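# Examination of the molecular architecture
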Amino acid sequence: TPNPISSRASFRLSVPEAGKVVADVFDIQGRLVRRLADREMPSCTVEVAWDGADARGEQVATGAYFYRVSSPSGTAVGKVIVSR
């Protein structure tokens, strides 16, 4: 939330089973833009933030991006729109 974003988004993740959680943002061509999380997490609800920047710290261009969150209990994907 929010969607579309102008500068920052946050993703609320429900992790029903403890284990490694990986959260990534990809561009429309499927290239990795930024890894937001890659760590062991307990069973909980956690918020992961994205500041709209790529791995180099530069703001991404306006457009559609996809996020993927993988955990021991499964994988979720979604779309976020960046509007500057």
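For the structure itself, consult the block above.
What comes next is a walk through the structure. (Residues numbered from 1 in each chain as written. Predicted model: local features only at pLDDT ≥ 70, side-chain atom pairs only at ≥ 80, totals over all residues. Heavy atoms only, no water.)

## Some thoughts on the environment of Lys 20
Note the following rule: Put simply, DSSP H or I for four residues or longer makes a helix, DSSP E for two residues or longer makes a strand, and each gets a number counted from the N terminus. Whether two residues are in contact is decided by their heavy atoms, any of which lying within 4.5 Å being enough. In protein, a polar contact means a hydrogen-donor-capable atom and an acceptor-capable atom, both N or O and within 3.5 Å, with residues adjacent in sequence counting only if both atoms are side-chain atoms; elsewhere, any N or O pair within 3.5 Å suffices.
Examined against the element boundaries, Lys 20 turns out to sit in strand E2 (residues 19-26). Spatially, the C-alpha atoms of Lys 20 and Ala 37 are 9.4 Å apart, while their sequence positions differ by 17 residues. If we skip the residues at most four places from it in the chain, Lys 20 touches Asp 38, Arg 39, Glu 40, Ser 70, Ser 71 and Pro 72. Within the structure, Lys 20 has its side chain in polar contact with the side chain of Asp 38 (distance 3.1 Å).

## Observations concerning the side chain of Asp 54
Quick note on the threshold: Exposure is judged per residue with a 1.4 Å probe applied to protein chains only, and the accessible area is read against the type maximum: over 50% gives exposed, under 20% gives buried, and values in between give partly exposed.
Structurally, the position occupied by Asp 54 is in the loop between strand E4 (44-50) and strand E5 (63-71). The exposure class assigned to Asp 54 is buried, which follows from its relative accessible area of 12%. Reaching out from Asp 54, the side chain makes a polar contact with the backbone nitrogen of Arg 56 at a distance of 2.9 Å. Excluding its chain neighbours within four sequence positions, the residues that come into contact with Asp 54 are Val 33, Arg 34 and Val 60.

## With respect to the pairing of strand E1 (residues 9-15)
The side chains of a regular strand alternate, first on one face of the sheet and then on the other. Which entries qualify depends on this criterion: Two strands pair if DSSP finds at least two bridges between them.
In terms of burial, E1 is largely enclosed, as five of its seven residues are buried. Note that E1 and E4 share seven bridges and pair antiparallel. Paired with Ala 9 across the strands is Trp 50, a residue of E4.

## Some thoughts on the packing of aromatic side chains
This is how it is decided: Between the rings of Phe, Tyr and Trp (Trp by its six-membered ring), a pair exists once the centres lie within 6.5 Å; its type follows the angle of the planes, with under 30 degrees stacked, over 60 edge-to-face, and the other angles tilted.
A full pass over the atoms with the stated rule returns two aromatic pairs. Aromatic side chains Phe 11 and Tyr 67 sit 4.6 Å apart centroid to centroid with 45 degrees between the ring planes, which places their arrangement in the tilted category. You can see Phe 11 sitting in strand E1 and its partner Tyr 67 sitting in strand E5, a full 56 residues away along the chain. You can call Phe 11 buried: its relative accessible area is 9%.

## Structural notes on the pattern of salt bridges
Formally: Salt bridge, as used here: a side-chain nitrogen of Lys or Arg that lies within 4 Å of a carboxyl oxygen of Asp or Glu.
All chains considered together, the criterion is met by nine salt bridges. The partner of Asp 51 in a salt bridge is Arg 34, with the nearest N and O atoms 2.5 Å apart. With Asp 51 in the loop between E4 and E5 and Arg 34 in strand E3 (residues 32-41), this pair connects stretches of sequence that are 17 residues apart. Residues joined in a network through salt bridges with shared partners are Lys 20, Asp 24, Arg 35, Asp 38 and Arg 68.

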